[in-house]
There are 2 protein chains.
Amino acid sequence: MTQTIENNRVRTKTIQVSEIFGPTIQGEGALIGKPTVFVRTGGCDYRCAWCDSLYAVLPEHKAEWASMDTRQVFAEIQRLSNNTPILVTLSGGNPAIQPLEELIDLGHQHGYTFAIETQGSVAQPWFSSLDYLTLSPKPPSSKQVTRWERLDRSILYATTNKYDREIQICLKIVIFNEEDYAYARSVAERYPALPMYLQAGNHTPPQQAQEIDISGILDRMDWLIQRTIADRWYEATVLPQLHTLLWGNKRGV
Amino acid sequence: MTQTIENNRVRTKTIQVSEIFGPTIQGEGALIGKPTVFVRTGGCDYRCAWCDSLYAVLPEHKAEWASMDTRQVFAEIQRLSNNTPILVTLSGGNPAIQPLEELIDLGHQHGYTFAIETQGSVAQPWFSSLDYLTLSPKPPSSKQVTRWERLDRSILYATTNKYDREIQICLKIVIFNEEDYAYARSVAERYPALPMYLQAGNHTPPQQAQEIDISGILDRMDWLIQRTIADRWYEATVLPQLHTLLWGNKRGV
Ligand code: SF4
Ligand code: SF4
C-alpha cells in the first residue's frame, strides 16, 4: 500500500507529520547549537513515562497530524529554509516507523543533510542513507523495555552506508536517576566505539506539568555532571536541552 | 632563561598558573559538555572590555598566580583526574604566551589530550602538538585590534601537526551586538574551512557586575539564534556558556 495510482499520478509514500518547524537550533546531543529544520513525525511504538512530545505519540492526536507525501514534506522544508541547504532533523514520535528514505534521497539531491533521532526499537535499512544517527535507548525510568538486538541492527544498518558520505552515529541517554545512570553505563559498555551523550531529564514535561522547573532541571544537570566525573567517566559528554532552558516547554521553536 | 640549573637538577620551563581546577565539563565551544581539567594560565596581551577572567589577566593579580614547572602542573592534573586520562583545557589569560609544549608532550605520554583556547594574537610552533585548537579572535566590542597575519600563522602552525593524531581547529566568537556579528561573518569568510562557533556574551562578568543576569544572557542568545538564522548562516553553531547558566560567575567549577 506504499505506492498507489491516483488521478493518473504516482503518489510517493505517505508520511505522518506532527509538525515541521524551524529553522531553529538543535537543542541537544551531538549537533547541539546547529541550525536545523525539524520534521516531527506522528506515532510511536513507545509510551515513555516522561515523554515530552505526547502530541506526536498518542493516537488521540492523530487528527492533528498531516498525511504528507515526500514532495510535500520537502517543499515545506525548502520553504522554511529559504531554499538554502540546511540540516534536517527527523524526530518524533519515532521517525523510524515512517517511510523517510525518499525524503532523504530527495533532500540530498538538493544539498540538504539529514539527522534522525530514534530510540532504536525499529531498525530500518535506510538508516544507511543518513548523515547522522542518534540512537536514544530509553532508561528504566521510562518504563519501556530495551530490545537490544534491534539496537544492534540499527547500528549495523547505519554502518553499511550506501553513500560516499560519512555517517556519524552516537548514543544519547536521558537520565533521571541512579538507575538510569547505571543503564547508560551498560549501554556504553555494549557499544564502546560510539560517542555517548548524557542528558538530564525534564521532570516537568508539557501536558504533565503546569510550569517548567528550570532550576530543578539545572540541579539535575549539576548532579549528572558530578556523578559522571566522580565515576571518572571522562569519555561521556553531558549536555542539557538548550531549547528547554531558552524557551521552556514552548513548541515550534 | 628557560632552562636553569638549580640544586643540581634541570628545571623544566616555568608556567604562570592562575588556577588548575576540575574535572568539570567544558561549558562552551566545540567541546561543550566534555569532562575536562582546566589549566588557566596567568597573563594576557589583551585587555578586552568585557573580559570575564581579569584575575588571570591583570599584573596586579600576579601575586595570586603560581610559577610552576611542567612536572608540577602535570602532577596537579593527574591528582585532580585521579590518574585517569582526560581532556586538559589550556585557557587564560592567553595560554599561548606560556611555554606549554613540554606539558602537552608529557601529558600525551600518559594518554591525556589537550585543547587550547586563545585569541590568536600569539602564534606558537607548538600549536602543532595540540589535539584541539580554538581560536577566538575578539570582536569590535572588546576594543582590541585583530592582527590577522598572526591568526593566519596560528592556523598554519596547527595544521603542520607533528603527531600522527588529527588536530581539530575551530573558531569561536563572542558576540554582543550587530557589529560583532558582522565581524564574525568576516572571520568566517576568511577561513571558510573552519567550523565557526558563535557565543552570546555575558554582559555581567565578574568584577564588573554584582549579579549575573541570566535572563538577559538568554535573551541575547535568542537574538543571536534569530540573527544567524535570518541570515541563513546555517553552517554556524550557536551556543551559550553552560557554566554561566549552571553556576553563574562562580570560579573553579
Ligand atoms: S520514544 Fe520518544 S516520542 Fe516515543 S514515547 Fe518515548 S519519549 Fe515519547
Ligand atoms: S583575550 Fe581573553 S583573557 Fe585576555 S583580556 Fe581578552 S577575554 Fe580576557
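Since this is a predicted model, take the numbers as computed values, not measurements.

The operation relating chain A to chain B is a screw motion whose rotation component is 180°, with 0.0 Å of axial translation and a residual RMSD of 0.0 Å. Such a turn and shift between the copies fits a two-fold axis. Comparing interface residues between copies, 100% of those in chain A also sit at the interface in chain B, which points to an isologous, same-surface contact.

The subject of this paragraph is the interface of chain A and chain B. With 32 residues of chain A in contact, the opposing surface of chain B contributes 32 residues. Approximately 2,600 Å² of surface area, both sides summed, lies buried where chain A meets chain B, with 68% of it carried by carbon and sulfur atoms. Looking at the side of chain A that touches chain B, the elements with two or more residues in it are strand S3 (14-25), helix H5 (214-230), strand S11 (237-239) and helix H6 (242-247) of chain A. The greatest single-element share of the side of chain A that touches chain B, amounting to 6 residues, is contributed by H5 of chain A. Broken down by class, the residue content of the side of chain A that touches chain B amounts to 22 nonpolar, 7 polar and 3 charged.

Bringing the confidence of the model for chain A into the picture now. All names here are of chain A. With 91% of its residues at a pLDDT of 70 or more, chain A has an overall mean of 91. Confidence over residues 1-10 falls short of pLDDT 50; this stretch has 12 contacts with residues more than four positions distant or in other chains. Prediction confidence for the complex, expressed as pTM and ipTM, is 0.92 and 0.91 respectively.

With that settled, the discussion passes to the pattern of salt bridges. Tallying each qualifying case throughout the model produces 18 salt bridges over all chains. Here arginine 79 of chain A ties to glutamate 76 of chain A by a salt bridge, and the two come within 2.9 Å at their closest N and O atoms. Taken together, the residues arginine 79 of chain A and glutamate 76 of chain A, both in helix H1 (residues 70-80) and 3 residues apart, mark about one turn of the helix. By relative accessible area, which is 55% here, arginine 79 of chain A ends up exposed. Of the residues examined, glutamate 76 of chain A reaches a relative accessible area of 21% and is grouped as partly exposed. Arginine 190 of chain B is the salt-bridge partner of aspartate 152 of chain B, the closest N and O atoms lying 2.7 Å from each other. Of this pair, aspartate 152 of chain B sits in helix H3 (residues 148-159) while arginine 190 of chain B sits in helix H4 (residues 178-190), and the two are 38 residues apart along the sequence. Judged by its relative accessible area of 30%, aspartate 152 of chain B is partly exposed. Taking relative accessible area as the criterion, arginine 190 of chain B reaches 40% and is therefore assigned partly exposed.

For helix H5 (residues 214-230) of chain B, spanning 17 residues, the distance from its first C-alpha to its last is 24 Å, which sits close to the expected 24 Å at 1.5 Å a residue. Of the residues making up H5 of chain B, those classed as buried are Gly216, Ile217, Leu218, Met221, Leu224, Ile225, Thr228 and Ile229 of chain B.

Glancing now at the UniProt feature "binding site: S-adenosyl-L-methionine" (unreviewed entry) in chain A. Residue and element names in this part refer to chain A. UniProt feature "binding site: S-adenosyl-L-methionine" (unreviewed entry): in the numbering of this structure it lies at Trp50, Cys51, Asp52, Gly93, Ser136, Pro137 and Lys138. Here tryptophan 50 lies in the loop between strand S4 (35-41) and strand S5 (66-69). Tracing the backbone shows aspartate 52 in the loop between S4 and S5.

Next up on the list: the environment of glutamate 117 of chain A. Residues and elements named next belong to chain A. With respect to the helices and strands, the residue glutamate 117 is situated in strand S7 (residues 113-118). C-alpha separation for the pair glutamate 117 and serine 91, spaced 26 residues apart in sequence, amounts to 5.2 Å. Setting aside residues no more than four positions away along its own chain, glutamate 117 makes contact with Gln26, Glu28, Thr89, Leu90, Ser91, Pro95, Thr134 and Lys172.

What follows deals with the site of ligand 2. Around ligand 2, the structure places Cys44, Tyr46, Arg47, Cys48, Cys51, Val57, Gly93, Gln119 and Lys138 of chain B. Considered class by class, the residues forming the shell around ligand 2 number 5 nonpolar, 2 polar and 2 charged.

Residue and element names in this part refer to chain B. For the pair helix H1 (residues 70-80) and helix H2 (residues 101-109), interaxial distance at closest approach is 9 Å and the crossing angle is 45°. Regarding the angle of H1 to H2, the classification is oblique. Seen from above, H1 lies across H2 with right-handed handedness. Along its contact with H1, which presents Thr70, Val73, Phe74 and Ile77, the element H2 presents Glu102, Leu103, Leu106 and Gly107. Across the contact of H1 with H2, the residue classes tally to 5 nonpolar, 2 polar and 1 charged.

What counts, and where the lines are drawn
Residues numbered from 1 in each chain as written. Chains lettered and ligands numbered in written order. Predicted model: local features only at pLDDT ≥ 70, side-chain atom pairs only at ≥ 80, totals over all residues. Heavy atoms only, no water. Least-squares fit on C-alpha atoms with pLDDT ≥ 70 in both. Contact = heavy atoms within 4.5 Å. Buried area = accessible area lost by both parts, 1.4 Å probe. Helix = DSSP H or I, 4+ residues; strand = E, 2+ residues; numbered from the N terminus. Nonpolar A, V, L, I, M, F, W, Y, C, P; charged D, E, K, R; others polar. pLDDT = per-residue confidence, 0-100. Salt bridge = Lys/Arg side-chain N within 4 Å of Asp/Glu carboxyl O. Buried < 20%, exposed > 50% of the residue type's maximum accessible area, 1.4 Å probe, protein only. Expected span 1.5 Å × (residues − 1). UniProt positions renumbered as here; feature names shortened; annotations may be inferred. Near = heavy atom within 4 Å. Axes fitted to C-alpha atoms, helices over the stretch in contact; angles between N-to-C directions. Parallel < 35°, antiparallel > 145°, perpendicular 65-115°, else oblique. Left-handed = near helix turned anticlockwise from the far one by under 90°.

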